[in-house]
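# Close look at the chain arrangement
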Amino acid sequence: MTVQELPGAASAYRPTPPPAWKPRTDPAPLLPDPEPYRVLGTDAAAGAGPELLLRLYAELVRGRRYNTQATALTKQGRLAVYPSSTGQEACEVAAALALEERDWLFPSYRDTLAAVARGLDPVRALTLLRGDWHTGYDPREHRIAPLCTPLATQLPHAVGLAHAARLKGDEVVALAMVGDGGTSEGDFHEALNFAAVWQVPVVFLVQNNGFAISVPLAKQTAAPSLAHKAVGYGMPGRLVDGNDAVAVHDVLGEAVARARRGGGPTLIEAVTYRMEAHTNADDATRYRGEVEVEAWRAHDPIQLLERELTERGILDEEGKRAAADAAETMAADLRERMNADPVLDPMDLFTHVYAEQTSQLREQAAQLRAELDAEGEAP
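Residues numbered from 1 in each chain as written. Predicted model: local features only at pLDDT ≥ 70, side-chain atom pairs only at ≥ 80, totals over all residues. Heavy atoms only, no water.

### Quick look at the overall build of the protein chain
Rule in force here: Segments assigned H or I by DSSP are reported as helices when at least four residues long, segments assigned E as strands when at least two residues long, and all are numbered from the N terminus. Accessible surface is estimated by sampling points in the Shrake-Rupley manner with a 1.4 Å probe; for residues, cover comes only from the protein chains shown. A residue counts as positive if it is Lys or Arg and as negative if it is Asp or Glu; His and the chain ends are not included. A single reference atom marks each charge: NZ on Lys, CZ on Arg, CG on Asp, CD on Glu.
Looking only at helices and strands, the protein chain features 15 helices and seven strands. A total of about 19100 Å² of accessible surface is found on the protein chain, and carbon and sulfur atoms cover 53% of it. Side-chain charges in the protein chain split into 37 positive and 54 negative, and the spacing between the mean points of these groups amounts to 4 Å.

### Looking at the packing of aromatic side chains
How two aromatic rings sit relative to each other is set out by the distance from centre to centre and by the angle between their planes. This is how the line gets drawn: Here the aromatic set is Phe, Tyr and Trp, taking the six-membered ring for Trp, and pairing holds for ring centres within 6.5 Å; pairs whose planes are under 30 degrees apart are stacked, those over 60 apart are edge-to-face, and all others are tilted. Accessible area is worked out with a 1.4 Å probe on protein chains only. A residue is then buried under 20% of its type maximum, exposed over 50%, and partly exposed in between.
Scanning the entire structure with this criterion turns up six aromatic pairs. Seen in terms of ring centroids, Y66 and Y82 are 6.3 Å apart; in terms of plane orientation they differ by 80°. Their pairing is edge-to-face. Pair noted here: Y66 is in helix 2 (residues 50–75) and Y82 is in the loop between helix 2 and helix 3 (89–97), with a separation of 16 residues, a long-range link. Residue Y66 shares its accessibility class with Y82, and that shared class is buried. Judged by centre distance (4.8 Å) and plane angle (40°), the ring pair of F194 and W198 falls under tilted. Pair noted here: F194 and W198 are both in helix 9 (residues 186–198), with a separation of four residues, about one helical turn. According to the relative accessible area criterion, F194 is partly exposed, its value standing at 42%. Here the aromatic cluster, defined as three or more aromatic residues joined through ring pairs, consists of F211, Y273, Y287 and W296.

Take it as geometry only, folks, not as evidence of what the structure does.
As structure tokens, this is what we get:
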């Protein structure tokens, strides 16, 4: 029996769905602008304060040197792997500076620079990539979650922490960083859906650097932009030039402030480019050409900001040298400390697994201790 055959169906039948189908919110305000938001090179740049510009510049210069030094350490065998963020420093630095001390940063494996810019010791930031510990720092102390190597799994964690903070009455915002490849993971969908439904104080920063390893964005999604995905979850989407440090800082700052005052989550897509290979194990020449790389090299985040500072008379040659010298001092310290062999204790295998060790762990620890004692290797 069809709907039309039911008693009284002729008078009750509607050619369109009932009013419940209508949008719960107006989608228009949630849509990103058609072009990425920019500040540098526009009239809006005049409104940026010299203090912020100089701080961003110093951090960008230091970040570039950090990336080159960490890459060199990988080639020297001091790091097992290093996913460089060269070319993406504006996103990394802006993410760190947009947060207050009480807020939390949830980085991906490529976001060691964001952690360093937030104040983490560069050596401790590289501990995971060195293969010593899963993380080399106390997340609670630094308000930085452990660097996340599985794609996008840090996003639901950020939502959970921010939701818990709001329930406790803490004005804490979580900023979760992810690459364009991570937006193809189920964790991305789950995190954004829960964040919007619960109106959680969290900001999602997608660094669209062009490739998920060797897969270009066009082979991942047919959406107009990754920022457009926000509308489907009921949150605002913002599109920003990821190499414009001031623009990224502005957009992130607005989203963090909105989240803190109860406005809910925001999805931000920063359009940038990965200048280096995916990691030291990747050959980027197999899937992209040098012409493309050179085009992005002309849009380098340091050069963009340096040009603005120079034209406004805020930065001179002495200032450039000071920033470069400070970066070199950091690199020298990192190099010296990373060249020292770490002292490893095999018994650390059983540390921080559980608050109270299980009987199986105690048995395994005792077995390892006995073997070490027998070999005379016990520390």
